[in-house]
Amino acid sequence: MAVMHKAQDSDFAERVRASFDRQQAMALIGARMAVVEPGYTEIHLPHKAEITQQHGYIHGGVVGMIADSAAGYAASTLTAPETGVLTVEYKLNLLAPAEGDLLIAEGSVLRYGRTLIVTRAEVFAVQHGRKSMCALMQQTIMTVHGKKEHPR
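Computed from a predicted structure; not experimentally measured.

Caption draft 1: Region of the structure containing the overall build of the protein. Looking only at helices and strands, the protein features three helices and six strands. The secondary structure elements of the protein, listed N-terminal to C-terminal, are α-α-β-β-α-β-β-β-β. Its C-alpha radius of gyration of 15 Å places the protein within 12% of the 15 Å reference for a compact globule of 152 residues. Considering the protein as a whole, with its 152 residues, one finds that 43% of them fall into the buried category. Considering only intrachain contacts with a sequence separation of at least 6, the fraction spanning at least 24 residues in the protein is 66%. Roughly 8,300 Å² of accessible area belongs to the protein as shown, and the carbon and sulfur atoms make up 54% of that amount. Here the protein contributes 15 positive and 15 negative side-chain charges, whose respective centroids are spaced 4 Å apart.

Now the structure itself:
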């Protein structure tokens, strides 16, 4: 069941996309922000050899990176423009090897609070047109009021 959220900022999508574009780590691995909605984002990551581990699967650390960013940006869609977000903790379960042509990290907000936001990310591997879950993450986000992001 999807939880419906209302954005505080009418320009949330542009703000979130601009912030994502400043994340050099996401550029390094080739990830892109595909969907931005109130309380929900998707990050797509094409398979490339440079992000695989010794068995040819996308490395679990990279899976964690896109899960963390997808869920964190889902939280950011609901904050005021002058409020930043930082991950406090997350628990990642790697359910299956990240094997496919594309990974999709779907981040969503479970509970929005003034100081803490609880989120979830599901990461899917897409291979031959079939989508299968390879990771599940639950995360706690801390809001940071009045702190600007570092310019690129």
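Now that the structure is up, let's keep going.
Caption draft 2: Region of interest: a nonpolar patch on the surface. There is a patch of nonpolar side chains on the surface, built from Leu-86, Val-88, Leu-116 and Met-142 and spanning about 330 Å² of accessible area. Tracing the backbone through its elements, the reader meets Leu-86 in strand β3 (residues 83–94). Classification of Leu-86 as partly exposed rests on a relative accessible area of 45%.

Caption draft 3: How the structure looks around the sheet that holds strand β6 (residues 130–145). Pairing in this open sheet of six strands is antiparallel, and the strands run β1-β2-β4-β5-β6-β3 from one edge to the other. Each having just a single partner strand, β1 (32–37) and β3 make up the two edges of the open sheet. Strand-to-strand twist of the sheet, defined as the mean angle between neighbouring strand axes without regard to direction, takes the value 25°. The strands touched by helix α1 (residues 12–21) within the sheet are β1 and β2 (40–46), with β1 carrying the most contacts at an inclination of about 160°. Each of β1, β2, β3, β4 (102–112), β5 (116–127) and β6 touches helix α3 (residues 60–76); the most contacted strand, β4, lies at about 40° to it.

Caption draft 4: Highlighting unusual backbone geometry. In the Ramachandran plot, His-128 falls in the positive-phi region, its phi being about 55° despite a non-glycine side chain. Tracing the sequence through the fold places His-128 in the loop between β5 and β6.

Caption draft 5: Molecular detail of the nonpolar core. Counting residues in each nonpolar core, the largest one holds 30 residues, and the members touching the most others are Leu-45, Ile-66, Leu-103 and Val-123. Sorting the residues of this core by element identifies α1, α2 (24–29), β1, β2, α3, β4, β5 and β6 as the ones contributing at least two each. For this core, the element with the most residues is α3, which contributes seven residues. Residues contacting Val-123, with those up to four places away along its chain left out, are Val-63, Ile-66, Ala-67, Leu-103, Ile-104, Ala-105, Ser-132, Met-133, Cys-134 and Ala-135. By size, the runner-up hydrophobic cluster in this structure holds six residues, among which are Ala-74, Ala-75, Ile-117 and Ile-141.

Caption draft 6: Spatial organisation of the side chain of Thr-140. Along the chain, Thr-140 turns up in strand β6. We classify Thr-140 as buried; its relative accessible area is 17%. Side chain to side chain, Thr-140 and Glu-89 meet in a polar contact 2.5 Å long. Residues in contact with Thr-140, not counting those within four places in the same chain, are Leu-86, Thr-87, Val-88, Glu-89, Leu-116 and Ile-117.

Caption draft 7: Summary view of the pattern of salt bridges. Applying the stated criterion across every chain yields a total of two salt bridges. In this structure, the salt-bridge partner of Asp-9 is Arg-15, at a minimum N-O distance of 2.7 Å. The pair Asp-9 / Arg-15 is uniform in exposure class, with both members buried. Put simply, Glu-106 and Lys-131 hold a salt bridge, and the shortest N to O gap is 2.9 Å. Separated by 25 residues along the polypeptide, Glu-106 in strand β4 and Lys-131 in strand β6 bring together distant segments of the chain.

Parameters and conventions
Residues numbered from 1 in each chain as written. Predicted model: local features only at pLDDT ≥ 70, side-chain atom pairs only at ≥ 80, totals over all residues. Heavy atoms only, no water. Helix = DSSP H or I, 4+ residues; strand = E, 2+ residues; numbered from the N terminus. Rg over C-alpha atoms; globule rule 2.2 N^0.38 Å. Buried < 20%, exposed > 50% of the residue type's maximum accessible area, 1.4 Å probe, protein only. Contact = heavy atoms within 4.5 Å. Areas by Shrake-Rupley, 256 points an atom, 1.4 Å probe, with all protein chains shown as cover. Lys, Arg positive; Asp, Glu negative; His and termini not counted. Charge placed at Lys NZ, Arg CZ, Asp CG, Glu CD. Patch = residues over 30% accessible without salt bridge, like charges linked within 9 Å, V, L, I, M, F, W, Y side chains within 5 Å. Salt bridge = Lys/Arg side-chain N within 4 Å of Asp/Glu carboxyl O. Pairing = 2+ DSSP bridges. Axes fitted to C-alpha atoms, helices over the stretch in contact; angles between N-to-C directions. Core = buried A, V, L, I, M, F, W, Y, C linked by side-chain atoms within 4.5 Å. Polar contact = N/O pair within 3.5 Å; in protein donor to acceptor, adjacent residues only side chain to side chain.

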